[in-house]
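# Chain and residue survey
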Amino acid sequence: MLSWAQLDSYFHWIFTSESLSTPEQQIEKPQELFFSRIEQAIVATDGAIGKRIYVGDNELNDVEIPRRLGYVTVRYINKSNPADAVWLDHRTTTSASYQYADPQQLPTLVKTIVTDLF
């Protein structure tokens, strides 16, 4: 999504569950291990972490857990999710710090977030 929206250049780090997992250990959100592995990788390369921002489309995996761990959260409210896709989060309310419902809103939102945080 970040590459499609041409926003990947705004981020120094982008992680996925697949990139953090090994054949011996599957690491998935909302496991806290997912977030601690991300932080370990960043600290090992760049040192201490300042602001942490997490973008996703699932209230539990991408908002509730990372917010509890101190992340600024951004939720994509995908109103186009198929109703029969039970693995998708269909909630239209969020406790995220920021939200958007149209991918074209993301560039402006990222600029707002950066301005707000820095």
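Now for a description of the structure that goes with this document. As a convention, each chain's residues are numbered from 1 in the sequence order in which they are written. Since the coordinates come from a predicted model, pLDDT governs what is reported: local features require at least 70, and pairs of side-chain atoms require 80 or more to be given and counted, while whole-chain, interface and lining totals use all residues. Excluding hydrogens and water, the side-chain figures rest on all heavy atoms present in the structure.

Two residues of an α-helix separated by three or four positions point the same way, owing to the 3.6 residues in each turn. For the purposes of this entry, the term helix denotes a DSSP run of H or I that reaches at least four residues, the term strand denotes a run of E that reaches at least two, and both are numbered from the N terminus. What a helix is expected to span follows from its residue count: subtract one and scale by 1.5 Å. The terminal C-alpha atoms of helix 4 (residues 106-117), which comprises 12 residues, lie 16 Å apart, in line with the 16 Å expected from a rise of 1.5 Å per residue. Each residue is placed in one exposure class: buried if its accessible area under a 1.4 Å probe, protein chains only, is under 20% of its type's maximum, exposed if it is over 50%, and partly exposed if it falls in between. Three or more residues of helix 4 are buried, namely Leu106, Leu109, Val110 and Ile113. The arc that holds every buried residue of helix 4, seen down its axis, measures 100°, which confines them to one face. For helix 4, exposure combined with an orientation more than 90 degrees from the buried face picks out Thr108 and Thr115. When we speak of the arc, we mean the arc of directions from the helix axis to the C-beta atoms.

Burial along strand 1 (residues 53-56) is one-sided: the face carrying Tyr54 and Gly56 is buried and the face carrying Ile53 and Val55 is not. Of the crossover connections in this fold, the one passing from strand 1 over helix 3 (residues 59-68) to the parallel strand 2 (residues 72-76) is right-handed. Orient the strands so they point away from the viewer, and a crossover whose first-strand-to-second-strand path over the helix runs clockwise is right-handed.

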